[in-house]
Amino acid sequence: MKSLLTAAASTALMAMAGGVASAQCAEIEAGGASVRVLEGYNVAELAAEPGLMPAPELSEGAIGVLCDRDTIVPDANDFELVRFHRVPLYIRDGEGDDATVLALYFQPQSENEDGTINPPQYGAELPQGTLTDEDRAGIVAAIEGFAEGEQALDAYILAQREAEEG
């Protein structure tokens, strides 16, 4: 998964002309075949709202969602897109060759051929650019904080169900 994700993203991101407006996100396809702005879909804003954010309406060949931001450090609720909707998130800070891009994804539990269980986990890769020590620390802290966000989301959903039931 990791090498496929990096290769596809790197090719797609290099092929993209121009940027995505910081208030929006776009879908990207492998090889940079197309980039389509997701009108009105902003991962950071939607994930910050109560409950699970809506899934993006992606084309069949989409490999993920790209969002331009002021930092590549993931937002506290980015886990909603990558874990619950299984859509990799590409966070881009900067433009052109000077941009830094972080690919954030979720690997569900899996079993190796020898029966060893690999636990579910988040992953992050850097298909373009470089990281500062501050970026690294922020990325690690954000990913570690996803567990707390998941628990809060689960509690919210449970409370909503209980309220509906009466």
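Just so we're clear, the structure is a prediction, and the values are computed from it rather than from any experiment.

Peer 1: Describe in detail the state of the cysteines, supporting the description with residues and values.
Peer 2: Note: disulfide means a covalent bond formed between the sulfur atoms of two cysteine side chains. Enumeration over the complete set of coordinates arrives at 1 disulfide. Covalently, C25 is tied to C67 through a disulfide, its sulfur atoms 2.0 Å apart. Because the sign of the S-S torsion sets the handedness, a value of about 110° for the bond joining C25 and C67 places this disulfide among the right-handed ones. Note that C25 is positioned in strand β1 (residues 25-29) and C67 in strand β3 (residues 62-68), a separation of 42 residues in sequence. With a relative accessible area of 1%, C67 lands in the buried category.

Peer 1: Can you tell me about unusual backbone geometry, naming the residues and giving the values?
Peer 2: In this structure, R86 is a non-glycine residue whose phi angle is positive, near 55°. Tracing the backbone through its elements, the reader meets R86 in the loop between α3 (79-84) and β4 (89-93).

Peer 1: Pulling in residues and values, what's your account of the pattern of salt bridges?
Peer 2: Per the counting criterion, the structure on display carries 6 salt bridges. The partner of R69 in a salt bridge is D75, with the nearest N and O atoms 3.7 Å apart. The class for D75 is partly exposed, based on a relative accessible area of 29%. Taking the shortest distance from any N to any O, the salt bridge between D133 and R136 comes out at 3.2 Å. On the criterion of helical spacing, the pair formed by D133 and R136 is a turn pair, its members being 3 residues apart in helix α4 (residues 133-165). By relative accessible area, R136 is classed as partly exposed at 43%. Taken together, the shared-partner salt bridges in this structure form one network comprising R69, D75 and D78.

Rules and cut-offs
Residues numbered from 1 in each chain as written. Predicted model: local features only at pLDDT ≥ 70, side-chain atom pairs only at ≥ 80, totals over all residues. Heavy atoms only, no water. Disulfide = S-S within 2.5 Å. Helix = DSSP H or I, 4+ residues; strand = E, 2+ residues; numbered from the N terminus. Buried < 20%, exposed > 50% of the residue type's maximum accessible area, 1.4 Å probe, protein only. Salt bridge = Lys/Arg side-chain N within 4 Å of Asp/Glu carboxyl O.

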